Amino acid sequence: MENINQFADFIWAIKELIRDEYAEKDYEEVILPFTLLRRLDCVLEANQEAVDKAFEKHSKLPPDTRDKLLKNASKQQFYNTSGFTLSKLVKSPSDIGENFDAYLKGFSTNIKDILYNFSGGEEKGLSPIYETLLRKELLYIVTLEFTKIDLHTNVVDNHTMGTVFEILIRKAKETTNEKAGQYYTPREVVQLMVNLVFAGEEKKLNEKGAGIMIYDPCCGTGGMLTEAKEHLVNTINKDLDVFLFGQEINEQTYAIAKSDVLMKGEAADNIKHGNTITKDKLIGKQFNYMLTNPPFGDDWKNMREYVEEEAELGASGRFQAGLPDVSDGSLLFLQHMIDKMNPKGSKIGIVFNGSPLFNGDAGGGWSNIRGWILEEDLLDTIVALPKDLFFGTPISTYIWVLNNNKPEERKNRVQLINGVHNNFTEKLRRSIGKKQYKISDQGIADLTQMYIKFDDATIPVRQDDEKNKDTEVVKIFDYEDFKYRKVIVERPLRLAFEANEVSIKRLKEHRKFIELATSKKKKPEDARKDIEKGISKQKEFISALANLKDDGRIMDDHLFFTKLNRGLSSKLNKGQIKLFRDTIGEKDEEANEVFDNPLEENDQTGPVNTWEVKPLYDTDLRDSENIPWKQDVDDYFATEVLPFAPDAWMDREKDKIGYEIPFTKYFYEYKPLRDLDKIMSDINALEEETEDLLEEIKED
């Protein structure tokens, strides 16, 4: 990795030639297309003479026929008929502008289509790639510098070249503070995910005449697709027909992915450009295997209308399970991939952060999507990855593996592998961005074997004190272990009443009390009568309360309203009852329960949760319990709630079903705090060291 990074650094350093004339954000407009052009030159070089001869010989043939003959001559899916390469262009410095134009136009149509992604589109032509450099008198020196870089395939293989491009893109995005990490997935993470997705598939992949389709909906520069095919051909079946498909939203990364596929002799038209969520360019296609690393935590506000419209289609669309929070669209990509699973059997590998594991409440979009995946028995395995693996973020990441054709022993079960430990990593000699570690080759092998074995596992893990401790790293769960009921727990409203100057003043200032002496009637006489009637009612309320001033604090809602009612000419309506409770009453945990009708005495006995008529609930005391699906709700309530809230009851009409995968909880291990004496010893040592330093400073 370090050598590849140094190689990319060497290429990126060419920016020093243009830094006085270009803004930092524009470096990539030179570095990326010129790196691609140099790579194309090196790939074509061996057969360029044959192409030149074939072009001269077949120049009068129909374009389609000539195109096929030129591809045969180049032994590639592309060619250049200009007679120029970057190396030849620098031999005529005075003509470099004119010749560069001819050089770019000499590429086959498929390459020009790729280069348009660096020029701003076909309507602008190819000249934007070089014309600014020409105008600033930098074209010759930049071209010359790129000719010094050897990008022949025997020096830089396709795998390494893909990595170099990804590092260059990361460096370009870092200069503009963009999310550089989303453009690059560390190769060892890709390798592990590929291993997991293809593990157990060997028999199917070795069938005579076998052929498979692999898809990445966020393919970037195509690294995952490349790694997947190389793994299959090199380790499973060299004769396997593998067809690669992908879609990428970023123009430049799409161009690099398409050129990479083209240089490998693949069908480049299978790589599409565009937003996968709003414009699927591979509608109707189903794939045997899918891998991706969607953007972490990117919102989908700008796609909201489109996504919500498709979600309304239900099973006819891709988002039938629900929609995640608008702040993170990662589960949209997963649903998109599930929609493309082959009913006869497909596996998916996808990299997530922690959000899809537990975000969202029961009944919400996140939870419903998890539930759909679990109930459909699609989730196979989740592997927690070590921190500090990615270039752009230090956050925790996970590989999810989904399978719609699980072997019998895996059906309705989910495997969790905790790969965060140092057993699986090695530290880089120097950090690359935020990346400080990589998963070691042995770590990849061990994690893959744990997946294949499909059994609980414990291994010795080195601790901070350098001692090993047996630690659980693999656990197998029933899918229902991630399912729960969210049950609303209510507690009674308890009010105490005291008629005094403060509470009566509060009543007088209440909007509903004031409105008693108002009218909405249009006729003055009718309005006057309403107002007079209201004023009379206000006086009656104040008078009735005045009669209760000597009663002190009344701890019972029924008793208060019974006494209040004696001073009134008519029974209170529900709105007036609420008015007195809001102004004269105040919450008191020592008071009796409040019921809907305060004039009916409560003669129920025993625990509140057994009462047929429940009190009014106190919204401030409302709570909820997430009760594991396999646990009896009443037993849980009796042991986990009632001992702490004896007056509580459950409102089962509000039950919701939820799903979450609290990964860290399942593998949590208590670490005792350091001994206090050792902490004080360290503090004293630091104080002594500080004093010594102060003495040295004074002496100086």
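Residues numbered from 1 in each chain as written. Predicted model: local features only at pLDDT ≥ 70, side-chain atom pairs only at ≥ 80, totals over all residues. Heavy atoms only, no water.

Peer 1: Would you explain the overall build of the protein in this entry?
Peer 2: Summing up its helical and strand segments, the protein has 27 helices and 17 strands in all. At 36 Å, the protein has a C-alpha radius of gyration far larger than the 27 Å of a compact globule built from 700 residues. With the principal axes as the frame, the protein shows a C-alpha extent of 115 × 80 × 75 Å. When each of the 700 residues of the protein is scored for burial, the buried share is 50%. Once local pairs closer than 6 in sequence are excluded, the contacts in the protein between residues at least 24 apart make up 74%. (Helix = DSSP H or I, 4+ residues; strand = E, 2+ residues; numbered from the N terminus. Rg over C-alpha atoms; globule rule 2.2 N^0.38 Å. Buried < 20%, exposed > 50% of the residue type's maximum accessible area, 1.4 Å probe, protein only. Contact = heavy atoms within 4.5 Å.)

Peer 1: Which parts of the structure should I look at to understand the pairing of strand β13 (residues 483–490)?
Peer 2: Looking along a regular strand, one sees side chains alternate from face to face of the sheet. Counting buried positions over the eight residues of β13 gives seven, a clear majority of the element. When β13 meets strand β17 (residues 649–659), the two strands line up antiparallel, connected through seven bridges. Looking across to β17, one finds that K483 is bridged to Y659. (Pairing = 2+ DSSP bridges.)

Peer 1: Would you take a moment to explain the packing of aromatic side chains for this structure?
Peer 2: What describes a pair of aromatic rings is the distance from one ring centre to the other and the angle between the planes of the rings. Per the counting criterion, the structure on display carries 21 aromatic pairs. Relative to F146, the ring of F34 lies with its centre 5.6 Å away and its plane at 40°, an arrangement referred to as tilted. Highlighted residues: F34 in helix α2 (residues 28–44) and F146 in helix α9 (residues 139–147), separated in sequence by 112 residues. Just as F34 is buried, F146 falls in that class too. (Phe/Tyr/Trp six-rings, centres within 6.5 Å; stacked < 30°, edge-to-face > 60°.)

Peer 1: Looking at this model, I keep getting lost on empty space enclosed by the protein. Mind explaining?
Peer 2: Here the idea is plain: a probe the size of a water molecule rolls over the atoms and shows the empty space left. Taken as a whole, this structure holds one cavity of 30 Å³ or more when the rule is applied. The space that makes up the largest cavity amounts to roughly 60 Å³. Around the largest cavity, the lining residues are R39, N158, M161, G162, F165, T221, I256, S259, D260 and M263. When the residues that make up the lining of the largest cavity are grouped by side-chain class, the tally is four nonpolar, four polar and two charged. (1 Å grid on protein atoms, 1.4 Å probe; cavity = no way out; pocket = protein on both sides within 12 Å on 5 of 7 lines; lining within 4 Å. Points joined across faces, edges and corners; volume = space filled by probe spheres on them. Nonpolar A, V, L, I, M, F, W, Y, C, P; charged D, E, K, R; others polar.)

Peer 1: Just checking my understanding: could you explain the sheet that holds β13 for this structure?
Peer 2: Hydrogen bonds between backbone groups are what pair the strands of a sheet, and the pairing can be parallel or antiparallel. The three strands lie next to each other as β16-β13-β17, forming an open sheet whose pairing is antiparallel. Each of the sheet's edge strands pairs with one partner strand only, and the pair in question is β16 (623–628) and β17. In this sheet, adjacent strand axes meet at a mean angle of 30° when their direction is disregarded. Sheet strands in contact with helix α18 (residues 365–375) are β13 and β17, and its direction is about 65° off that of β17. (Axes fitted to C-alpha atoms, helices over the stretch in contact; angles between N-to-C directions.)

Peer 1: Would you mind showing me how to read the packing of α2 against helix α14 (residues 251–263) here?
Peer 2: Between two packed helices, both the angle of their axes relative to each other and the distance between the axes serve to describe the pair. Packing of α2 against α14 leaves a shortest axis separation of 12 Å and a crossing angle of 5°. The orientation of α2 relative to α14 falls into the category roughly parallel. Residues E28, L32, L36, R39, L40 and V43 of α2 touch α14, and the partners they reach there are Q252, S259 and M263. (Parallel < 35°, antiparallel > 145°, perpendicular 65-115°, else oblique.)

Peer 1: Looking at this model, I keep getting lost on the sheet that holds strand β4 (residues 289–292). Mind explaining?
Peer 2: Strand order in the open sheet made by the 10 strands is β3-β2-β1-β4-β5-β7-β6-β8-β12-β11, with mixed pairing throughout. With partners counted over all chains shown, the strands left at the sheet margins are β3 (271–273) and β11 (457–462), one partner each. Taking each pair of neighbouring strands and ignoring which way they run, the sheet shows an average axis angle of 20°. Relative to strand β7 (residues 397–403), strand β6 (residues 379–385) runs antiparallel, the two sharing six bridges. Considered in β7, the bridge of I382 is made with W400. Each of β1 (211–216), β4, β5 (347–353), β6 and β7 touches helix α11 (residues 187–198); the most contacted strand, β5, lies at about 145° to it. Packed on one face of the sheet, helix α19 (residues 441–453) meets β5, β6, β7, β8 (413–418), β11 and β12 (468–478) and runs near 160° to β8.

Peer 1: Hey, could you run me through the layout of surface pockets in this one?
Peer 2: Roughly 740 Å³ of volume is contained in the largest pocket. N418, V420, H421, N422 and K671 are, among the 26 residues lining the largest pocket, the residues nearest its centre. Contributions of two or more residues to the lining of the largest pocket are made by β6, β7, β11, β12 and α26 (663–666). Partitioned by chemical class, the residues of the lining of the largest pocket number 10 nonpolar, nine polar and seven charged.

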